[in-house]
Amino acid sequence: MVIFHTDHWGAMAHYIVLAVTKHKDDEKVLIFTECTETKRIVMTKLQKEKIFDKVIFGNEIRRPGAKLKDKDLIRKEIVQTIDEVLLKNDIDICHVNKVYTATDIDGFFRYYLMQKKVYYTLVMLDAWDIYYSNVKNRELYTIGLASEQCMNLFTESHLFDGTNEYCKEIIAFPSTEIKDAKLKKKAVKYDLLAQLDEISKSTAKIILNCFDVNFDYLSKLKRILISNSDGAYRKQMEKGGIDAKNKEEHALLYQLLIDFYSYNNEEIIVKPHPHNFLNWGKYFDLKELSKDMPIEFIRFNKDCFINEVIGLQTTSIPKIQDKVQNVVLSTMDYATYYHSMCKLYVVSKLFIDCQIGMQFEQVGFTEGFLQIM
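Each value, and the rule that gives it
- As a convention, each chain's residues are numbered from 1 in the sequence order in which they are written.
- Local features in a predicted model are, by the rule used here, given only for residues with pLDDT of at least 70; side-chain atom pairs are given and counted only at 80 or more, and totals for whole chains, interfaces and linings are based on all residues.
- Working from all heavy atoms in the structure, the side-chain values ignore hydrogens and water.
- Any carboxyl oxygen of Asp or Glu that lies within 4 Å of a side-chain nitrogen of Lys or Arg is treated as forming a salt bridge with it.
- Secondary structure elements are defined from DSSP: runs of H or I of at least 4 residues count as helices, runs of E of at least 2 residues count as strands, and each element is numbered from the N terminus.
- Exposure classes here rest on a 1.4 Å probe applied to the protein chains alone. A residue is buried below 20% of its type maximum, exposed above 50%, and partly exposed in between.
- At least two bridges found by DSSP between two strands is the condition for calling them paired.
- All axes are obtained by fitting lines to C-alpha atoms, using only the stretch in contact for helices, and the reported angles, taken between N-to-C directions, cover 0 to 180 degrees.
- In the analysis that follows, any N or O atom pair within 3.5 Å is treated as a polar contact, provided that within protein one partner can donate a hydrogen and the other can accept it, and provided that, for residues neighboring in sequence, both atoms belong to side chains.
- Any two residues whose heavy atoms approach within 4.5 Å are treated as being in contact.
- As defined here, a cavity is a set of points on a 1 Å grid over the protein atoms alone where a 1.4 Å probe fits but cannot get out. A pocket is an open set with protein on both sides within 12 Å along at least five of seven lines, and residues line them when an atom is within 4 Å of a point.
- Grid points are joined across faces, edges and corners, and a volume is the space filled by probe spheres set on the points.
- Residue type decides the class: Asp, Glu, Lys and Arg count as charged, Ala, Val, Leu, Ile, Met, Phe, Trp, Tyr, Cys and Pro as nonpolar, and the leftover types, Gly among them, as polar.
- Planes of paired rings set the category: under 30 degrees apart is stacked, over 60 is edge-to-face and the rest tilted, where pairs are Phe, Tyr or Trp rings (Trp by its six-membered ring) whose centres lie within 6.5 Å.
- Both a distance and an angle decide whether a charge sits over a ring: NZ of Lys or CZ of Arg must be within 6 Å of the ring centre and within 35 degrees of the ring normal.

Section: the pattern of salt bridges
- Overall, the coordinates contain 10 salt bridges when judged by the stated rule.
- Among the ionic pairs, aspartate 72 bridges to arginine 75, the shortest N-O distance being 2.7 Å. Note that aspartate 72 and arginine 75 are positioned in helix H3 (residues 71-88) at a spacing of 3 residues, about one turn of the helix.
- Judged by its relative accessible area of 53%, aspartate 72 is exposed.
- Judged by relative accessible area, which is 27%, arginine 75 ranks as partly exposed.
- With a closest N to O distance of 3.2 Å, aspartate 83 and lysine 116 form a salt bridge. Residue aspartate 83 is located in helix H3, and its partner lysine 116 is located in the loop between helix H4 (108-115) and strand S5 (120-123); the two are separated by 33 residues in the primary sequence.
- For aspartate 83, a relative accessible area of 18% puts it in the buried group.
- When salt bridges with common partners are traced through the structure, they connect Asp197, Arg299 and Asp322 into a single cluster.

Remarks on unusual backbone geometry
- The backbone of lysine 50 shows a phi angle near 65°, a positive value even though the residue is not glycine.
- Of note, lysine 50 is situated in the loop between helix H2 (37-48) and strand S3 (54-57).
- Although it is not a glycine, aspartate 90 adopts a positive phi angle of roughly 60°.
- Topologically, aspartate 90 is positioned in the loop between H3 and strand S4 (98-102).
- Given the relative accessible area of 67%, aspartate 90 is considered exposed.

Details of the sheet that holds strand S2 (residues 28-32)
- Spatially, S3-S2-S1-S4-S5-S6-S7 is the arrangement adopted by the 7 strands of the open sheet, whose pairing is parallel. Edge strands, defined here as strands with exactly one partner in the open sheet, are S3 and strand S7 (187-189). Adjacent strand axes in the sheet meet at a mean angle of 20° when their direction is disregarded.
- Two strands pair when backbone bridges link them, and S4 and S5 are joined in this way by 3 bridges, in the parallel orientation. Its bridge partner being in S5, alanine 102 is matched across the sheet by valine 123.

Digging into the side chain of lysine 39
- With respect to the helices and strands, the residue lysine 39 is situated in helix H2.
- Side-chain polar atoms of lysine 39 contact the side chain of aspartate 292, separated by 3.4 Å.
- Non-local contacts of lysine 39, meaning those with residues more than four positions away in its chain, are made with Trp9, Phe32, Pro274, His275 and Asp292.

Comments concerning empty space enclosed by the protein
- Counting across every chain of the model gives 2 cavities of 30 Å³ or more.
- What the second largest cavity holds in volume is close to 40 Å³.
- His14, Met124, Ile171, Ala172, Phe173, Pro174, Tyr190 and Leu192 are the residues that line the second largest cavity.
- Partitioning the lining of the second largest cavity into residue classes produces 7 nonpolar, 1 polar and no charged.

Quick word on the packing of aromatic side chains
- Applying the stated criterion to the full structure yields 12 aromatic pairs.
- Taking 5.6 Å as the distance between ring centres and 40° as the angle between the ring planes, the aromatic pair formed by tyrosine 111 and phenylalanine 154 counts as tilted. Here phenylalanine 154 lies in helix H6 (residues 148-156) and tyrosine 111 lies in helix H4, a separation of 43 residues in the sequence. Phenylalanine 154 matches tyrosine 111 in its accessibility class, with the two residues each being buried.
- With a centroid separation of 4.9 Å and 40° between ring planes, the pair formed by phenylalanine 297 and phenylalanine 300 is classed as tilted. Neither residue differs from the other here; phenylalanine 297 and phenylalanine 300 are each classed as buried.
- Within the aromatic cluster, the residues linked to one another by ring pairs are Phe4, Tyr15, Phe52 and Tyr100.
- The ring of tryptophan 9 has lysine 39 sitting right over it, with the charged end atom 5.4 Å from the ring centre.
- The ring of phenylalanine 57 has arginine 40 lying over it, and the distance from NZ or CZ to the ring centre is 4.3 Å.

Observations regarding the pairing of strand S11 (residues 306-312)
- Of all 7 residues in S11, 6 are buried; the element is thus mostly enclosed.
- As paired strands, strand S8 (residues 223-226) and S11 are joined by 4 bridges and run parallel to one another. Pairing of isoleucine 224 across the sheet is with valine 309, part of S11.

Okay, structure coming up:
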């Protein structure tokens, strides 16, 4: 038996690819510990199609003992809670052949594995994960989701930096530079995109159907707008003095982006981030690509080649770079972009009697000029 555990949707691309390639002949169990209704539907379909043999929606084991302030009680609560859920699903963790767990902000499951003396493979979701995860870990305490004692316990156990003795190996991106000598010995370079490209067309269609995405439709994609997560949006907008809870303001940000790049009469398809909760259908007359589908999965269709991808501070581009002709990607933060684009929009309406995007493409409009405004 192979267990794939995560509390972060970003791990799903890795886990699905590993499940249908390296572990296609093994019994596979997916444990997901932060489940929304749409994600529950997707994972149920993945189980029905035998991508995973069993799916456990383990919301109750996400943060057991998080608010406790006694380390012994925290340890007891974690082990007891997760044991009960696994045994209820006929799983004895000590008799599992392999366990994958993704880098994320919650170390509860990894702490459980350490207490049970079970070795695991740590899957990095981004190139910087190992070095940034301790910072993310502290956020749980600062926003009140875990006690300081709980966070200290995890940090002392080296659950977030990969140096814990029960972390047997680390799956890293080929481009990731790992400087720590201990981590280098554990690092296994795994090219997710290369593995994904080797998956058969029939299997690819089955996987895409689980996300309600038609295989042939992918070859028709020409222009995509990729949104970022609500978390990234909120932090930057609030810092810029903008009401991040106002959905109209949120929609206006993307409306400005769409207006600026609406030219050539080419249809723009929006690909919302899995953690973007804007109701796109309410504010825009745009077709949507499944928000829950990992963006890498457009690669399943070898005929897919996108003319242009538009986005703000998205990390999705490297995953599809070779499938895109032109990337319109602003590194400007959301609030600065918002203020600048509002000014530009007013000016353009006053002085330019044509489509905004084409005009400023022709004159080589730059972010530097936006900032000057």
